[in-house]
Amino acid sequence: MIPFLRSQDRDYPSVQAEGLQVLRQGGFRASLPEMRIHQGAAAALVGPSGCGKTTLMLGAFGLLPDASCQGRLLVAGDAWPQEANKVWRRRLRSQVCVLNQDPKAALDPLCRIDRQIRQACRPDSGPPGRAEIIKALDSLGLADAGEILGRYPHQLSGGQAQRVLLAVAVLRRPILLLTDEPTAGLDGERQEFFLRALQLMQKDFGTSILITTHDHQLVRDLDAAPYAMLDGIARPGWPSRPSWPQRQKNAKPGPPIMDCRGLKLRLGGREILSGIDFCLHEGELLALVGPSGCGKTSLARVLAGHLAPDEGEIGGDLEQPAVQLLYQDAFAALTPHRSIEEQVLEVAAEDFNLRQESDALLLVEERLEELPGHLSGGERRRAALLRALAVEPKILILDEPTASLDRNTATAVIGTLLAIQRRRGMSMILITHDLELAEAVADRVLTLQEGRI
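Rules and cut-offs
- Residues numbered from 1 in each chain as written.
- Predicted model: local features only at pLDDT ≥ 70, side-chain atom pairs only at ≥ 80, totals over all residues.
- Heavy atoms only, no water.
- Helix = DSSP H or I, 4+ residues; strand = E, 2+ residues; numbered from the N terminus.
- Rg over C-alpha atoms; globule rule 2.2 N^0.38 Å.
- Buried < 20%, exposed > 50% of the residue type's maximum accessible area, 1.4 Å probe, protein only.
- Areas by Shrake-Rupley, 256 points an atom, 1.4 Å probe, with all protein chains shown as cover.
- Lys, Arg positive; Asp, Glu negative; His and termini not counted.
- Charge placed at Lys NZ, Arg CZ, Asp CG, Glu CD.
- Pairing = 2+ DSSP bridges.
- Axes fitted to C-alpha atoms, helices over the stretch in contact; angles between N-to-C directions.
- Contact = heavy atoms within 4.5 Å.
- Salt bridge = Lys/Arg side-chain N within 4 Å of Asp/Glu carboxyl O.
- Core = buried A, V, L, I, M, F, W, Y, C linked by side-chain atoms within 4.5 Å.
- Parallel < 35°, antiparallel > 145°, perpendicular 65-115°, else oblique.
- Left-handed = near helix turned anticlockwise from the far one by under 90°.
- Nonpolar A, V, L, I, M, F, W, Y, C, P; charged D, E, K, R; others polar.
- Phe/Tyr/Trp six-rings, centres within 6.5 Å; stacked < 30°, edge-to-face > 60°.
- Lys NZ or Arg CZ within 6 Å of the ring centre and 35° of its normal.
- Expected span 1.5 Å × (residues − 1).
- Disulfide = S-S within 2.5 Å.

A. Just the overall build of the protein chain, in detail. Across its full length, the protein chain holds 16 helices and 18 strands. Computed over the C-alpha atoms, the radius of gyration of the protein chain is 22 Å, within 12% of the 22 Å expected from 2.2 N^0.38 for a compact globule of 453 residues. Along the longest, intermediate and shortest principal axes, the C-alpha atoms of the protein chain span 70 × 50 × 35 Å. Here the protein chain holds 453 residues, and the buried ones make up 52% of them. Counting every atom, the protein chain has about 20,100 Å² of accessible surface; 48% of that belongs to carbon and sulfur. The positive charge centre, built from 52 side chains, and the negative charge centre, built from 57, are 5 Å apart in the protein chain.

Next comes the structure, spelled out in structure tokens:
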């Protein structure tokens, strides 16, 4: 690994950008007139979903295959290569570490976690030992770190996968950390561990950090310089941030539509769910909260019929597609080689108005013709939601529906969902880490801890 050059050794910022312009195929342009990030400091690109934050950050460093970059970009005083050559690969491996917005997509599905961490952390002195890897995972609040090293990516939750990638960053000690929506899938406790890890890298390793995020508090905690993205241009300052919509709560619940009794689930020899009992009523919005890895998504998969419980039963006259689940990992839920419009119309009810519903979700008509890989993380999530709504379900289960959305777009999407629920009389189960959101919109809030309510 190339040693980090301390600020007293060389008189320049860790990262310096002037007149950057990233142009993607199709004509989308994102620009950054000027930015400087000094050793151990941080900067944040903040703005609505699809505004170009990720395009600007990844495209500037040559990490987007369909993008070109112009302008001046220096890392540790040297110009960053504009072509994916040997020099670019060497500097990317030794100086820069990237945490993607979709952590599971960044992991090899056929390779165990232990091997992937060793391959990603291969400095000149050799890969880190098992004890060192476990220590890094433990420092991020990842329980059973030794066991997790033997798992495959599909056996991890989104939060666990994200902390595995962060452990790689801690072990590599880069000059610059690029991270895309780093706290999107983490509950409050795990966000605190994540923040401490970033602060440790800043203080102990002198790592500079560039993030794209919707989390204003994270930007403040990191003492990061905010850059608001508007019309594809990043300028210093904060964007506006609305409050969550307030929902009129149901004083008297309707009749039961789903009754869960004694649900138990075991996966890989572990008990994921332990005696789950609750009832969902017609027209009710039920929020389910709890720490990452506590079993929320597993419970959602059981309720949607994607997993069969080992014990217990789910009462109610419900048949597919009466229950729809919107997964947290929207990219994995969409077919990569088919346009959004094709995927939605394939399952849509006869009276479903594609244009009207997509407009309500702030998904413009032109984006419906795109493949999922050409959409931003927020746009993919709205596309997956559009497809789930197209079958007109009786129960909609939302797994972190606002996780990859900026606050402006998330507020609009939640408002749209509430309007759809009122219009259709649909029941909803909202899985979220955002207690403020849960309290604002839910009739009841259930907390899941270690597989129990």
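What follows picks up the thread again.
B. Expanded view of the sheet that holds strand β13 (residues 285-289). The strand order across the open sheet built from five strands is β15-β16-β17-β13-β18, with neighbouring strands paired in parallel fashion. Both edges of this open sheet fall to β15 (323-326) and β18 (444-447), since each of them pairs with a single strand only. Averaged over all pairs of adjacent strands, the angle between strand axes in this sheet comes to 15°, irrespective of strand direction. For strand β16 (residues 395-399) and strand β17 (residues 427-431), the ladder comprises five bridges, and the chain directions are parallel.

C. Region of the structure containing the sheet that holds strand β11 (residues 256-267). Taken together, three strands build an open sheet; the order of strands is β12-β11-β14 and the sheet is antiparallel. Among the strands making up the open sheet, the edge pair consists of β12 (270-281) and β14 (311-315). Here the average twist between neighbouring strands, direction ignored, is 10°. Bridge analysis of β11 against β14 gives four bridges, and the strand direction is antiparallel. In the strand pairing of β14, Arg261 is matched with Glu313. Packing against the sheet, helix α9 (residues 296-303) makes contact with β11, β12 and β14, and its axis sits at approximately 120° to β11.

D. Broad picture of the pattern of salt bridges. Enumeration over the complete set of coordinates arrives at 19 salt bridges. In this structure, Arg266 engages Glu311 in a salt bridge whose closest nitrogen and oxygen atoms are separated by 3.5 Å. Of the two residues, Arg266 is situated in strand β11 and Glu311 in strand β14; the sequence distance between them amounts to 45 residues. The residue Glu357 makes a salt bridge to Arg423 at a minimum N-O spacing of 3.1 Å. Of this pair, Glu357 sits in helix α12 (residues 354-360) while Arg423 sits in helix α15 (residues 407-424), and the two are 66 residues apart along the sequence. Relative accessible area serves as the criterion here: at 8%, Glu357 is assigned to the buried category. Linked by salt bridges that have partners in common, Glu18, Glu34, Arg36 and Arg72 make up one network.

E. Layout of the nonpolar core. By size, the foremost hydrophobic cluster in this structure holds 40 residues, and its most contacted members are Ile117, Leu137, Leu166, Leu177 and Leu222. In terms of residues, this core owes the most to one element, helix α6 (residues 158-172), which gives nine residues. If we ignore the near neighbours within four places in the chain, the residues touching Leu177 are Cys97, Leu99, Ala169, Leu198, Met201, Thr207, Ser208, Ile209 and Leu210. In this structure, Leu361, Leu375, Leu417 and Ala438 belong to the second largest nonpolar core, which totals 39 residues.

F. How the structure looks around the environment of Pro239. Mapped onto the elements, Pro239 comes out in the loop between β10 (233-236) and β11. Looking at Pro239, the relative accessible area reads 24%, which means it is partly exposed. A sequence separation of 25 residues divides Pro239 from His214, and the C-alpha atoms of the two residues are 10.0 Å apart. If sequence neighbours within four positions are ignored, Pro239 has contacts with Val46, His216 and Ala228.

G. Representation of the packing of helix α4 (residues 130-139) against α6 in the model. At a minimum axis separation of 9 Å, α4 and α6 run at an interaxial angle of 120°. Put simply, α4 runs oblique to α6. Considering only the axes of α4 and α6, their crossing is right-handed. In contact with Glu132, Ile133, Ala136 and Leu137 of α4, α6 contributes Arg163, Val164, Ala167 and Leu171. Split into classes, the residues belonging to the contact of α4 with α6 amount to six nonpolar, no polar and two charged.

H. Structural context of the packing of aromatic side chains. Counted under the stated rule, the structure contains one aromatic pair. Summarising the aromatic geometry, the rings of Phe61 and Trp80 are spaced 5.4 Å apart at their centres and angled 70° between planes, so their arrangement reads as edge-to-face. Of the two residues, Phe61 is situated in the loop between α1 (53-60) and β4 (67-75) and Trp80 in the loop between β5 (78-79) and α2 (86-95); the sequence distance between them amounts to 19 residues. For the pair formed by Phe61 and Trp80, the shared burial category is buried. Of note, Arg220 hangs over the ring of Trp238, and the distance from its end group to the ring centre comes to 4.7 Å.

I. View of helix α14 (residues 377-390). With 14 residues, α14 ought to run about 20 Å at 1.5 Å a step, and its terminal C-alpha atoms sit 20 Å apart, in line with that. Counted residue by residue, α14 has 13 buried out of 14 residues, so it is predominantly covered. Once α14 finishes, Glu392 follows within two positions and takes phi at roughly 55°, a positive value.

J. A look at the state of the cysteines. One pass over the structure, following the stated rule, counts zero disulfides. In this structure Cys51 is a free cysteine whose sulfur lies 17 Å from that of Cys69, the closest cysteine sulfur available. Cysteine Cys294 is unpaired, with the sulfur of Cys260 as its nearest cysteine sulfur at 16 Å. Residue classification places Cys294 among the buried residues on the basis of a relative accessible area of 6%.

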